[in-house]
Amino acid sequence: FKKNLKNAEDLLNGKKKNDIYFRYKMELELLKFNFHIKKTGVTEKPGFEQNAGKLFISYLLIKFFKINYNNLVDMINYGKIENITFLDEVLNFINKSTEIEPIVLLYYNKFMLLYKENETYYRNFKSLIKQQIHNLDRKEIYHTYINLLNFCYGKIASGEWNYYNDLFEIYNEMLSNNIYSSSEKSYFDTVHFRLAAETGIKLRKFDWSKRFIEQYSGKLNPELRQNEVNIAYANYFFMKKNYDKSQNFLAQAHIKTVYDKIYIYIIQSMLYYEMKQFEPLISEIDTIRHFISNDKILSIEIRNTFQKYIKYLNELVKLNSNEQTDKYLAINRLKKSLISEKGILEKQWLLEKFTGMENNN
């Protein structure tokens, strides 16, 4: 028994501390207790059952937060309204207990971040990932980082641009841990390749962005690679104000998904504006309006953010064409309206354009 027990414990000690780990540790403690009774005939608790109870609670809590995190995602995505059974009791237990395993707290903060979208849970979750990364497998690490990124993108959409610094930190952490995909055999996800490059570019970390594009484009699906490189460099040279180069790369990009179309429309419309090509820009705005109205794939959220972008871009065009009689008042009114706007594409760029006009009037 003791030989096999040691072999089992050695095997477990080399495993990640997930829900299965705690379940097997609990079962070993119960086996120890049963062996103790058979050997000694003494039924007093020598600590085995108490240890098994603590291990069972850790197993149960991780399982609870895993299952209900997925339920919460479904509720958010599909508009389901359901009560999570025992949630209040479990949260009260977590808040009162002083002996919660750190890995349990990671799953707790992950759940609460989605449930409450609270800054405290975000900071706790972010810190616990660094502490507990060795207890997570690659797939779980990857999706854990995605949770952090989604929180930051939500904050940025509401106008909190300081979260671009957090995004940059998270992407660097992912890359330093070689977690650019959910498995070693998977390609770099095109969405996050594009967003990581964009994060560096928006922060004007041009050297980092160029190195990133060069180094990690080779990890993209070969069928999509060149298109992503073209889009990344179109964005890169746009931010460097080299509009001709940006236009050249954009002209080589191909629309493969509806979201490619949105991305390309936005860069193209900003390029037209910066190059003061207002006639093609007016035509582009009209094209985008038809696209928003007719496309059935776009979610309501994306449709709304895109419509807001077009609304303010169109106002910029009007101001440039002298259609407004009192420009300063119009600029000031639109700028105030834009500042209070939530969920709008390229809000920072739009504000820069209104601020520039305000200073010139």
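Residues numbered from 1 in each chain as written. Predicted model: local features only at pLDDT ≥ 70, side-chain atom pairs only at ≥ 80, totals over all residues. Heavy atoms only, no water.

Trainee: Just checking my understanding: could you explain the overall build of the protein chain for this structure?
Mentor: Along the backbone of the protein chain there are 17 helices and 0 strands. Once the C-alpha set of the protein chain is aligned to its principal axes, its extents read approximately 95 × 40 × 35 Å. In the protein chain, which comprises 361 residues, the share counted as buried stands at 45%. Expressed as a percentage of contacts within the protein chain between residues at least 6 apart in sequence, the contacts between residues at least 24 apart total 62%. Roughly 19700 Å² of accessible area belongs to the protein chain as shown, and the carbon and sulfur atoms make up 50% of that amount. (Helix = DSSP H or I, 4+ residues; strand = E, 2+ residues; numbered from the N terminus. Buried < 20%, exposed > 50% of the residue type's maximum accessible area, 1.4 Å probe, protein only. Contact = heavy atoms within 4.5 Å. Areas by Shrake-Rupley, 256 points an atom, 1.4 Å probe, with all protein chains shown as cover.)

Trainee: Explain a nonpolar patch on the surface to me, please; I cannot follow it from the model alone.
Mentor: Together, F56, I57, L60 and F93 line one region of the surface with nonpolar side chains, adding up to about 330 Å² of accessible area. Of the residues forming the nonpolar patch, the biggest block, 3 residues, is contributed by helix α3 (residues 48-78). Among the secondary structure elements, L60 is positioned in helix α3. (Patch = residues over 30% accessible without salt bridge, like charges linked within 9 Å, V, L, I, M, F, W, Y side chains within 5 Å. Salt bridge = Lys/Arg side-chain N within 4 Å of Asp/Glu carboxyl O.)

Trainee: Just checking my understanding: could you explain the packing of helix α9 (residues 190-202) against helix α10 (residues 206-216) for this structure?
Mentor: At a minimum axis separation of 8 Å, α9 and α10 run at an interaxial angle of 160°. The angle between α9 and α10 places the two elements in the roughly antiparallel class. In the packing of α9 onto α10, the handedness of the crossing is left-handed. Contact residues: α9 offers F193, A196, A197, G200 and I201, while α10 offers F206, W208, S209, F212, I213 and Y216. (Axes fitted to C-alpha atoms, helices over the stretch in contact; angles between N-to-C directions. Parallel < 35°, antiparallel > 145°, perpendicular 65-115°, else oblique. Left-handed = near helix turned anticlockwise from the far one by under 90°.)

Trainee: Where do I start with the nonpolar core in this structure?
Mentor: For soluble globular proteins, the rule of thumb is that nonpolar side chains tend to be buried together. Counting residues in each nonpolar core, the largest one holds 114 residues, and the members touching the most others are F65, F212, F306 and Y309. With 11 residues, helix α13 (residues 258-274) is the single largest residue contributor to this core. Among all residues touching F65, those that are not within four sequence positions of it are V90, L91, I94, Y107, Y108 and F111. (Core = buried A, V, L, I, M, F, W, Y, C linked by side-chain atoms within 4.5 Å.)

Trainee: Sorry, what's going on with empty space enclosed by the protein here?
Mentor: Rolled over the atoms, a probe sized like a water molecule indicates the empty space that remains. Per the counting criterion, the structure on display carries 1 cavity of 30 Å³ or more. Taken as a whole, the largest cavity spans an internal volume of roughly 30 Å³. Contributing to the lining of the largest cavity are Y142, Y171, M174, L175, Y180, F188 and H192. Looking at the lining of the largest cavity element by element, the count peaks at 3 residues for helix α8 (residues 163-176). (1 Å grid on protein atoms, 1.4 Å probe; cavity = no way out; pocket = protein on both sides within 12 Å on 5 of 7 lines; lining within 4 Å. Points joined across faces, edges and corners; volume = space filled by probe spheres on them.)

Trainee: Help me understand helix α11 (residues 222-239) in this model?
Mentor: The periodicity of an α-helix, 3.6 residues per turn, causes residues three or four positions apart to be oriented the same way. Helix length check: α11 (18 residues) gives 26 Å between terminal C-alpha atoms against 26 Å at 1.5 Å per residue, within 8%. Measuring from the backbone nitrogen of E223 back to the side-chain oxygen at the start of α11 gives 2.9 Å, which picks out N221 as the cap. Just beyond α11, the residue with positive phi is K241, at close to 65°. (Expected span 1.5 Å × (residues − 1). Polar contact = N/O pair within 3.5 Å; in protein donor to acceptor, adjacent residues only side chain to side chain.)

Trainee: Which parts of the structure should I look at to understand the packing of aromatic side chains?
Mentor: Both the distance between ring centres and the angle between the ring planes are used here to describe each pair of aromatic rings. Applying the stated criterion across every chain, the model contains 33 aromatic pairs. Each ring, one from F188 and one from F212, has its centre 5.9 Å from the other, and the planes form 85°; the classification is edge-to-face. Here F188, found in the loop between α8 and α9, pairs with F212, found in helix α10; they are 24 residues apart in sequence, far enough to count as distant. Pair check on accessibility: F188 and F212 agree, each one buried. Geometrically, the ring pair formed by Y236 and F237 is edge-to-face, given 5.0 Å between the ring centres and 85° between the ring planes. Both residues of the pair, Y236 and F237, belong to the buried class. Grouping aromatic residues by their ring pairs yields a cluster made of F168, Y180, F188, F193, W208, F212 and Y216. Taking the ring centre of Y263 as reference, the NZ or CZ of R194 above it sits at 4.9 Å. (Phe/Tyr/Trp six-rings, centres within 6.5 Å; stacked < 30°, edge-to-face > 60°. Lys NZ or Arg CZ within 6 Å of the ring centre and 35° of its normal.)

Trainee: Sorry, what's going on with the packing of α9 against α11 here?
Mentor: Think of two packed helices as two axes; the pair is described by the angle between the axes and how far apart they sit. Running from amino to carboxyl end, α9 crosses α11 at an angle of 15°, the nearest separation of the two axes being 10 Å. Regarding the angle of α9 to α11, the classification is roughly parallel. Considering only the axes of α9 and α11, their crossing is right-handed. Contacts from T190, F193, R194, A197, E198, I201 and K202 in α9 reach L224, E228, I231, A232, N235, Y236 and M239 in α11. Of the residues belonging to the contact of α9 with α11, the class tally is 8 nonpolar, 2 polar and 4 charged. (Nonpolar A, V, L, I, M, F, W, Y, C, P; charged D, E, K, R; others polar.)

Trainee: Looking at this structure, how should I read the layout of surface pockets?
Mentor: Each pocket or cavity is described by its volume, and for the second largest pocket that value is around 190 Å³. Forming the walls of the second largest pocket are N51, K54, L55, I57, S58, L61, F93, S97, E99, I100, E101 and V104. Examining the composition of the lining of the second largest pocket, we find that 6 residues originate from one element, α3, more than from any other.

Trainee: Sorry, what's going on with helix α12 (residues 243-251) here?
Mentor: Within α12, burial applies to Y243, S246 and L250. The buried residues of α12 occupy an angular sector of 60° when projected down its axis, which confines them to one face. Exposed side chains of α12 directed beyond 90 degrees from the buried face belong to D244 and A251. (Arc of directions from axis to C-beta.)

Trainee: I keep staring at the pattern of salt bridges and nothing clicks. Help me out?
Mentor: For side chains of opposite charge, pairing can occur when their charged atoms come near one another. Overall, the coordinates contain 23 salt bridges when judged by the stated rule. Of the charged contacts in the structure, one is a salt bridge between E27 and R23, with a shortest N-O distance of 3.8 Å. On the criterion of helical spacing, the pair formed by E27 and R23 is a turn pair, its members being 4 residues apart in helix α2 (residues 19-40). Here E27 falls in the partly exposed class, since its relative accessible area comes to 35%.

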